[in-house]
Amino acid sequence: QVQLVESGGGLVQTGGSLRLSCTASGSIPRFTANGWYRQAPGNTRETVAVMASGGGTYYADSVKDRFTITRDNAKNTWYLQMNNLKPEDTAVYYCKGVCKNRDYWGQGTQVTVSS
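What you see is a predicted model; the values in this text were computed from it and never measured.

1. Describing unusual backbone geometry
Of note, the phi angle at Asn76 is positive, near 50°, even though the residue is not glycine. In this structure, Asn76 sits in the loop between strand E7 (67-72) and strand E8 (77-82). Judged by relative accessible area, which is 32%, Asn76 ranks as partly exposed. The backbone of Asn84 shows a phi angle near 50°, a positive value even though the residue is not glycine. One can find Asn84 in the loop between E8 and strand E9 (91-98).

2. A closer look at the pattern of salt bridges
Scanning the entire structure with this criterion turns up five salt bridges. A salt bridge links Asp61 to Lys64; the shortest N-O distance between them is 3.1 Å. Assessed through its relative accessible area of 64%, Asp61 is described here as exposed.

3. Observations regarding the environment of Ser53
Relative to the assigned elements, Ser53 resides in the loop between strand E5 (46-52) and strand E6 (57-59). Its relative accessible area of 38% is what places Ser53 among the partly exposed residues. Separated by eleven residues in the primary sequence, Ser53 and Gly42 have C-alpha atoms spaced 32 Å apart. Residues within four places of Ser53 in sequence aside, it is in contact with Arg30, Phe31, Thr32, Ala33 and Arg71.

What counts and how
Residues numbered from 1 in each chain as written. Predicted model: local features only at pLDDT ≥ 70, side-chain atom pairs only at ≥ 80, totals over all residues. Heavy atoms only, no water. Helix = DSSP H or I, 4+ residues; strand = E, 2+ residues; numbered from the N terminus. Buried < 20%, exposed > 50% of the residue type's maximum accessible area, 1.4 Å probe, protein only. Salt bridge = Lys/Arg side-chain N within 4 Å of Asp/Glu carboxyl O. Contact = heavy atoms within 4.5 Å.

Next up, the structure:
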């Protein structure tokens, strides 16, 4: 069984920074991609950033130049560095590990940006 555990969420003021972490444990499969997603109240879940196994990245337009996704394969952990946070970044952030046969999701961590 694979578990993904996120950490690093919290309350921050506009312009501040946070770093989210997602650590995989258990019978860890080979992930073809690692990603971060978020869901604000009343909204659908949206893609924030994704890193493919080969290192290619994708960012939502709303976070480009502010957020950075990185990965430490030795620690089975991936990160989302979030800088210059804005109130509209407030949401529950979820990590996801993509495998050939299924996706694995973390439980979510709340990020709140005060104005």
